[in-house]
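# Examination of the molecular architecture
Listed below, chain by chain, are the residues.
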Number of protein chains: 2
Amino acid sequence: MIKKISLIGLGLIASSIAKKLVLNNANVNIVGYDNLEYVRKIVDKFGIMEVHDKLIDAVEDSDLTILCVPVGSMGTVVSEISSYLKDGSILSDVGSVKKAVIDSVMPSVPSGVTFVPAHPLAGTEESGPSSGFSELFANRWCIITPIKDTPMEKIKIVRNFWEKLGSNVAEMTPEHHDLVLAVTSHAPHLIAYTMVGVADDLANVTNSEVINFSAAGFRDFTRIAASDPTMWRDVFLNNKDAALEILGRFSEELFALNRAIRQGDGDFLFDYFTRTRAIRRGIIEAGQDTKEPNFGR
Amino acid sequence: MIKKISLIGLGLIASSIAKKLVLNNANVNIVGYDNLEYVRKIVDKFGIMEVHDKLIDAVEDSDLTILCVPVGSMGTVVSEISSYLKDGSILSDVGSVKKAVIDSVMPSVPSGVTFVPAHPLAGTEESGPSSGFSELFANRWCIITPIKDTPMEKIKIVRNFWEKLGSNVAEMTPEHHDLVLAVTSHAPHLIAYTMVGVADDLANVTNSEVINFSAAGFRDFTRIAASDPTMWRDVFLNNKDAALEILGRFSEELFALNRAIRQGDGDFLFDYFTRTRAIRRGIIEAGQDTKEPNFGR
């Protein structure tokens, strides 16, 4: 059914998709494009796809075109390729934000092409094509957020595509996706960036002290805060409302805990610190993290 | 020099100390006490120390007594054992907070006994004696915060003790320790607890959604927020000023980032997210975390 796949933007995600397709011996022609020459050269050397240096050449005759660029660039990319997309083909994406992507992409999508937005919850703190690996999506979730009236068979093709890459697939509305991800991803990233920023900026604690004594908890924040800046800038610019809603809730809770510390309310703190343990157990049971303890806190 | 060591409070830290001493074939008599019977039974079965069910029996004739109870209980413990501590012996601790511990312990320390406060930056999100392991302290830091006029040779004994357990040892004032740890440990823990609390408490995002989609960043917070509630309650009650100072700075920064998101200030966000990467590199170079990427963000 899918004989040719186009990957637009050849970073961690696109390179992992291609590596897994090759490993699967998928009977499919993979083509790719990136606007950066050195990225194209790296991917070309991998020998896992046909790399083009012109965007429109990379989508010609493709059955499935996947946008793997930062979410802030997706609208522009689609406006450039729209008239070259094959009639009857599927356009999809891997953006961490769904509503803003749909809003920016849909006006350029031709009537013969179906846009099926998707978001693989996969990645590491590394970025670029060399960080990609075939098992990136194994046992990870991919969320599809279908637009109203999308034919079931088109959704099924995208679902099937991600399942073959090793993912579990869930479906929800774009709005709900953006709220769920604001909680499980966007707010945690912003908070981690903030904490690392605070530590970097203190006058009476040196950076070498922060670094040497980081294993006591801070370390785990720096891992998240090492993620790709362009990607995360675009996430916050494009999921503003949900991110601000969760961050508002976060500030409220933080103030309550601040007050409990100031007032010496040990019972409040103990109860709070106890109930958060249950979610951790759930995550381990769901296979989304290992039970193996993390050293050095 | 040290022929007998007493460990008071037989959780993760004490059990790891004993296991490493046994592994080292240290020529030393290890005795321990815990106020909970089931904990005493577990440790007794390990066969790594002589377990007592009376506190005062556990410190008799000891050359080095180490307090491994939550910091809020250290003052009480010392007031009970003070008249049984051997003349010329050393009293130490492993508390995550130093100034409040010194303030609560010192009034009960007899003149013939030297209190050398210490804090091994080691632990996992697990607690209890069964979570202990001999290599817990390997390549981790232990911070000694000597009290004014402490004889050098007493500090050297404690330093030597931790080095033999595998630690790197640093010295600083209790006040500076408390500020450094507020940044690298206490604030990150409170923030992680807060984020997990927010997620647990949302009406429109279910806990199963939070759990399934946690790999996108939230997961790393739950690991920290699964730490021992009693220990962390005591940390915040006993390092109030430094914790509130850092949390105040954190709120300020968070507000600045909130405003940048609301105003759509992409440059501010990009610059912020870029400079935090340098600290991560420093931590990996200092051997305080591995470079190996963490899946599924």
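Residues numbered from 1 in each chain as written. Chains lettered and ligands numbered in written order. Predicted model: local features only at pLDDT ≥ 70, side-chain atom pairs only at ≥ 80, totals over all residues. Heavy atoms only, no water.

## What about the domain arrangement of chain A?
Residues and elements named next belong to chain A. Domain parsing of chain A yields domain 1 (4-172) and domain 2 (176-285). Averaged C-alpha coordinates put domain 1 and domain 2 at centres separated by 30 Å. Listed by partner, the interface residues are 16 residues for domain 1 and 16 residues for domain 2. In total, about 1200 Å² of surface goes out of reach between domain 1 and domain 2, with carbon and sulfur atoms giving 65% of it. Along the contact surface separating domain 1 from domain 2 lie zero salt bridges. Where domain 1 meets domain 2, there are five residue pairs in polar contact (both at pLDDT 80 or more). Its residues assigned to classes, the side of domain 1 that touches domain 2 shows seven nonpolar, six polar and three charged. (Domains from an automatic or database assignment. Contact = heavy atoms within 4.5 Å. Buried area = accessible area lost by both parts, 1.4 Å probe. Salt bridge = Lys/Arg side-chain N within 4 Å of Asp/Glu carboxyl O. Polar contact = N/O pair within 3.5 Å; in protein donor to acceptor, adjacent residues only side chain to side chain. Nonpolar A, V, L, I, M, F, W, Y, C, P; charged D, E, K, R; others polar.)

## Focus: the interface of chain B and chain A
In this assembly, 108 residues from chain B lie in contact with 108 residues from chain A. Of the roughly 10400 Å² buried between chain B and chain A, counting both surfaces, carbon and sulfur atoms make up 68%. Linking chain B with chain A are four salt bridges. Between Asp201 of chain B and Arg249 of chain A there is a salt bridge whose closest N-O contact spans 3.1 Å. Across the contact surface, chain B and chain A share 23 residue pairs in polar contact (both at pLDDT 80 or more). For the side of chain B that touches chain A, the element with the highest residue contribution is helix α7 (residues 174-200) of chain B, accounting for 21 residues. (Helix = DSSP H or I, 4+ residues; strand = E, 2+ residues; numbered from the N terminus.)

## Overview of the sheet that holds strand β2 (residues 29-33) of chain A
Working definition: the strands of a sheet are paired by backbone hydrogen bonds and lie parallel or antiparallel to each other. Residue and element names in this part refer to chain A. Taken in spatial order, the six strands of this open sheet run β3-β2-β1-β4-β5-β6, and their pairing is parallel. Unpaired on one side and paired on the other, β3 (50-52) and β6 (114-116) mark the two borders of the sheet. Taken pair by pair, the neighbouring strands of this sheet meet at an average axis angle of 20°, ignoring direction. Inspection of the sheet shows β2 paired to β3 by three bridges, in the parallel sense. Along β3, the bridge assignment pairs Val31 with Glu50. The sheet contacts of helix α1 (residues 12-23) involve β1 (4-8) and β2, and relative to β1 the element is tilted by about 155°. The sheet contacts of helix α4 (residues 74-81) involve β1, β4 (64-67) and β5 (90-93), and relative to β4 the element is tilted by about 150°. (Pairing = 2+ DSSP bridges. Axes fitted to C-alpha atoms, helices over the stretch in contact; angles between N-to-C directions.)

## Considerations on the packing of aromatic side chains
According to the stated counting rule, one finds 17 aromatic pairs over all chains in the structure shown. Ring plane angle 85° and centroid distance 5.5 Å describe the contact between Phe213 of chain A and Trp141 of chain B, whose orientation is recorded as edge-to-face. With one member in each of two chains, Phe213 of chain A in the loop between α8 (207-212) and α9 (218-224) and Trp141 of chain B in strand β8 (residues 141-144) form a pair that bridges those chains. As far as the burial class goes, Phe213 of chain A and Trp141 of chain B line up, both buried. Three or more aromatic residues link up through ring pairs in this structure, and these residues are Tyr193, Trp232 and Phe236 of chain A together with Phe273 of chain B. Lys19 of chain B extends its terminal NZ or CZ atom over the ring of Phe46 of chain B, reaching a point 4.4 Å from the ring centre. (Phe/Tyr/Trp six-rings, centres within 6.5 Å; stacked < 30°, edge-to-face > 60°. Buried < 20%, exposed > 50% of the residue type's maximum accessible area, 1.4 Å probe, protein only. Lys NZ or Arg CZ within 6 Å of the ring centre and 35° of its normal.)

## Quick notes on unusual backbone geometry
If you check the backbone angles, Asn25 of chain B has positive phi at about 55° while not being a glycine. In this structure Asn25 of chain B comes out as exposed when scored by relative accessible area, which is 67%.

## Section: the nonpolar core
Counting residues in hydrophobic clusters, the biggest one holds 98 residues, and the most contacted among them are Ile191 and Phe221 of chain A together with Ile191 and Phe221 of chain B. In this view, Ile191 of chain A contacts Phe221, Leu247 and Phe250 of chain A together with Ile191, Met195, Phe221 and Phe250 of chain B; residues no more than four positions away in its chain are not counted. (Core = buried A, V, L, I, M, F, W, Y, C linked by side-chain atoms within 4.5 Å.)

## Regarding the relation of the copies chain B and chain A
With an RMSD of 0.1 Å, the operation that places chain B on chain A is a rotation of 180° combined with a shift of 0.0 Å along the axis. Between the two chains, the operation in question is that of a two-fold axis. Relative to the rotation axis, the closest C-alpha in chain B is found at Asp220 of chain B, a distance of 3.3 Å. Same-surface contact between copies: 100% of interface residues of chain B are shared with the interface of chain A. (Least-squares fit on C-alpha atoms with pLDDT ≥ 70 in both.)

## Points about the pairing of β5 of chain A
All names here are of chain A. Residues Ile90 and Ser92 point to one face of β5 and Leu91 and Asp93 to the other, with burial holding for every one of them. Pairing geometry for β4 and β5, over four bridges, is parallel. Residue Leu64 lies in a different strand from β5, and its bridge partner there is Ile90. Tracing the backbone out of β4, into α4 and back to the parallel element β5 gives a crossover that is right-handed. Pairing of β5 with β6 involves three bridges; the strand directions are parallel. Opposite Ile90, over in β6, you have Thr114 as the bridge partner. Assessed by its sense of winding, the connection that carries the chain from β5 through helix α5 (residues 99-105) to β6 is right-handed. (Right-handed = clockwise from strand over helix to strand, strands pointing away.)

## Quick notes on the environment of Ala122 of chain B
Counting through the fold element by element, Ala122 of chain B comes out in the loop between β7 (118-120) and β8. Here the alpha-carbon distance between Ala122 of chain B and Ile279 of chain B, two residues 157 residues apart in the chain, equals 20 Å.

## A short note on the confidence of the model for chain A
Residues shown with low pLDDT carry predicted positions that ought not to be read at fine detail. Confidence in the prediction of chain A, expressed as mean pLDDT, is 93, and 97% of residues score 70 or more. Prediction confidence for the complex, expressed as pTM and ipTM, is 0.88 and 0.88 respectively. (pLDDT = per-residue confidence, 0-100.)

## Notes on the pattern of salt bridges
Note that side chains of opposite charge can pair when their charged atoms are close. Residue and element names in this part refer to chain A. Under the defined criterion, the tally for this structure stands at 26 salt bridges over all chains. Measuring nitrogen to oxygen at the nearest pair gives 3.8 Å for the salt bridge that ties Asp61 to Lys86. Taken as a pair, Asp61 in the loop between α3 (55-59) and β4 and Lys86 in the loop between α4 and β5 lie far apart in primary sequence, 25 residues in all. Assessed through its relative accessible area of 49%, Asp61 is described here as partly exposed. Residue class for Lys86 comes out partly exposed when judged on its relative accessible area of 28%. Members of the salt-bridge network, linked through shared partners, are Asp61, Asp63 and Lys86.

## Remarks on the packing of helix α12 (residues 266-285) of chain A against helix α10 (residues 229-238) of chain B
Following both chains from N to C, one finds α12 of chain A and α10 of chain B inclined at 140°, their axes separated by 9 Å at the closest point. By the criterion of interaxial angle, the relationship of α12 of chain A to α10 of chain B is oblique. In the crossing of α12 of chain A with α10 of chain B, the sense of the turn from one axis to the other is right-handed. Side by side, α12 of chain A and α10 of chain B meet where Gly266, Leu269, Phe270, Phe273, Thr274 and Arg277 of chain A of the first sit next to Pro229, Thr230, Trp232, Arg233, Phe236 and Leu237 of chain B of the second. (Parallel < 35°, antiparallel > 145°, perpendicular 65-115°, else oblique. Left-handed = near helix turned anticlockwise from the far one by under 90°.)

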